[in-house]
Amino acid sequence: MTRSREPRMTLPTQLVLRVLMADPARELYGLQICGEAGLPSGTIHPILARLERVGWLSSRWETVDTREEGRPRRRYYRIDPAAMGLVHAALLRAEASAQGLGRLRPHLADGAS
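What counts, and at which threshold
Residues numbered from 1 in each chain as written. Predicted model: local features only at pLDDT ≥ 70, side-chain atom pairs only at ≥ 80, totals over all residues. Heavy atoms only, no water. Phe/Tyr/Trp six-rings, centres within 6.5 Å; stacked < 30°, edge-to-face > 60°. Helix = DSSP H or I, 4+ residues; strand = E, 2+ residues; numbered from the N terminus. Buried < 20%, exposed > 50% of the residue type's maximum accessible area, 1.4 Å probe, protein only. Pairing = 2+ DSSP bridges. Contact = heavy atoms within 4.5 Å. Axes fitted to C-alpha atoms, helices over the stretch in contact; angles between N-to-C directions.

Caption draft 1: Inspection of the packing of aromatic side chains at higher detail. Under the counting rule described, the total for this entry stands at one aromatic pair. When the centroid spacing of 5.6 Å and the interplanar angle of 80 degrees are considered together, the rings of Tyr29 and Tyr76 count as edge-to-face. Of this pair, Tyr29 sits in strand β1 (residues 28-29) while Tyr76 sits in strand β3 (residues 75-79), placing them 47 residues apart in sequence. Tyr76 gets classed as buried once you look at its relative accessible area, which sits at 14%.

Caption draft 2: Molecular detail of the sheet that holds strand β2 (residues 57-61). Pairing in this open sheet of three strands is antiparallel, and the strands run β1-β3-β2 from one edge to the other. At either end of the open sheet lies a strand with only one pairing partner, and these are β1 and β2. In this sheet, β3 lies alongside β1 in antiparallel orientation, the contact comprising two bridges. Across the sheet, Leu28 pairs through a bridge with Tyr77, a residue of β3. Relative to the sheet, helix α3 (residues 41-53) contacts β2 and β3, its axis offset from that of β2 by approximately 115 degrees.

What follows is the structure, encoded as structure tokens:
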């Protein structure tokens, strides 16, 4: 597992992490994450790759006979147990930051600096 700095905590990244943190032991494949996060596939797959690169997620390819199943193999993702605390802390910081921005908005709307 390669660890690097914390990924950007964009709203889509937060949504993906919240889906996975809802039940950290559960493995989900890409389209399940899309559905639960309400995001398109083209959005979540780069996020999943980035989160895996920083060591927050682990993944595995399922072992199925694709002809027998009539579909491609699925890649399953879950929060890496060693990163659970990091993910939780990052989500809390992102939430606090969003709340702080919410308090600033009225001042910005009035043109005050």
